Amino acid sequence: MFTEIINVIGSVCIALLAGMGLVALYKLNARKIQKHQDSMEFYLYKISRVTGNSEYDVFCKSAEDWPVATVSKDKIDTDFKYYLNRQVVPPYVNHFVRENKHHIDELHLPRF
C-alpha cells in the first residue's frame, strides 16, 4: 500500500516536471521565433516572398531609394554576395527596411 502511494506521488512529480519542461521549451521557441522574425534577414525574405521578387531585387530597389548617394550595379553585386556569405546587410538596405518596416509588418506571408 505504502509503495503504491510512493509510486503515484513519483508519477505525479514526473508528469509535473515534464509538463514544466514542455512549457519552458515552448517559451524558448517562441522567443527564438520572435527574434528571427525581427531579424533583417527575415524582413528581406518576407519582402521577397510577398512581392514575388528575389532578395537581390530588394537590394536593387533599396539602392534606388537610397537618399545619400547613387549605388552602382557593381556595388550592389558585391554587397549582395557579401550578404549571402556573411549575412551582412549594407546601409542602403537597412534604411529601406527600416523606412518600410511598418508596412512589412502588416503583410502576411503566403503559405506556398
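Summary of the structure given here.

Cut-offs used in this document
Residues numbered from 1 in each chain as written. Predicted model: local features only at pLDDT ≥ 70, side-chain atom pairs only at ≥ 80, totals over all residues. Heavy atoms only, no water. Axes fitted to C-alpha atoms, helices over the stretch in contact; angles between N-to-C directions. Helix = DSSP H or I, 4+ residues; strand = E, 2+ residues; numbered from the N terminus. Parallel < 35°, antiparallel > 145°, perpendicular 65-115°, else oblique. Contact = heavy atoms within 4.5 Å. Nonpolar A, V, L, I, M, F, W, Y, C, P; charged D, E, K, R; others polar. Expected span 1.5 Å × (residues − 1). Buried < 20%, exposed > 50% of the residue type's maximum accessible area, 1.4 Å probe, protein only. Arc of directions from axis to C-beta. Patch = residues over 30% accessible without salt bridge, like charges linked within 9 Å, V, L, I, M, F, W, Y side chains within 5 Å. Areas by Shrake-Rupley, 256 points an atom, 1.4 Å probe, with all protein chains shown as cover. Salt bridge = Lys/Arg side-chain N within 4 Å of Asp/Glu carboxyl O. Phe/Tyr/Trp six-rings, centres within 6.5 Å; stacked < 30°, edge-to-face > 60°.

**Section: the packing of helix H2 (residues 40-51) against helix H3 (residues 55-65)**
Remark: H2 packs on H3, axes separated minimally by 8 Å, with the N-to-C direction vectors making an angle of 100°. When the interaxial angle is binned, H2 and H3 end up roughly perpendicular. Across from Leu44, Tyr45, Ile47 and Ser48 in H2, the residues of H3 making contact are Glu55, Val58 and Phe59. Residue composition of the contact of H2 with H3, by class: 5 nonpolar, 1 polar and 1 charged.

**Description of helix H4 (residues 73-86)**
The terminal C-alpha atoms of H4 lie 20 Å apart, and with 14 residues this matches the ideal 20 Å at 1.5 Å per residue to within 8%. Along H4, the positions that sit buried rather than exposed are Ile76, Asp79, Phe80 and Tyr83. Taken down its axis, H4 places every buried residue within 100° of arc, on the same side. Facing away from the buried side of H4 by more than 90 degrees, the exposed set consists of Asp74, Thr78, Lys81, Asn85 and Arg86. In this fold, the buried residues of H4 make contact with H2, H3 and helix H5 (91-106).

**With respect to a nonpolar patch on the surface**
A cluster of nonpolar side chains, contributed by Tyr45, Val50, Leu107 and Leu109, occupies part of the molecular surface with about 280 Å² of accessible area. Structurally, Leu109 can be placed in the segment after H5. The partly exposed category is assigned to Leu109, whose relative accessible area is 33%.

**Observations regarding the packing of aromatic side chains**
Enumeration according to the criterion identifies 8 aromatic pairs in this entry. Between Tyr56 and Phe80 the ring centres are 5.3 Å apart and the planes differ by 80°, which places this aromatic pair in the edge-to-face class. Placement of the pair is Tyr56 in helix H3 and Phe80 in helix H4, with a sequence separation of 24 residues. As far as burial versus exposure is concerned, Tyr56 and Phe80 are alike and both buried. Consider the rings of Phe59 and Tyr83, whose centres lie 5.4 Å apart with planes at 45°: the pair is tilted.

**Points about the environment of Ser54**
Following the sequence through the fold, Ser54 ends up in the loop between H2 and H3. Since its relative accessible area comes to 33%, Ser54 is described here as partly exposed. Sequence separation between Ser54 and Leu44 is 10 residues; the distance between their C-alpha atoms is 9.0 Å.

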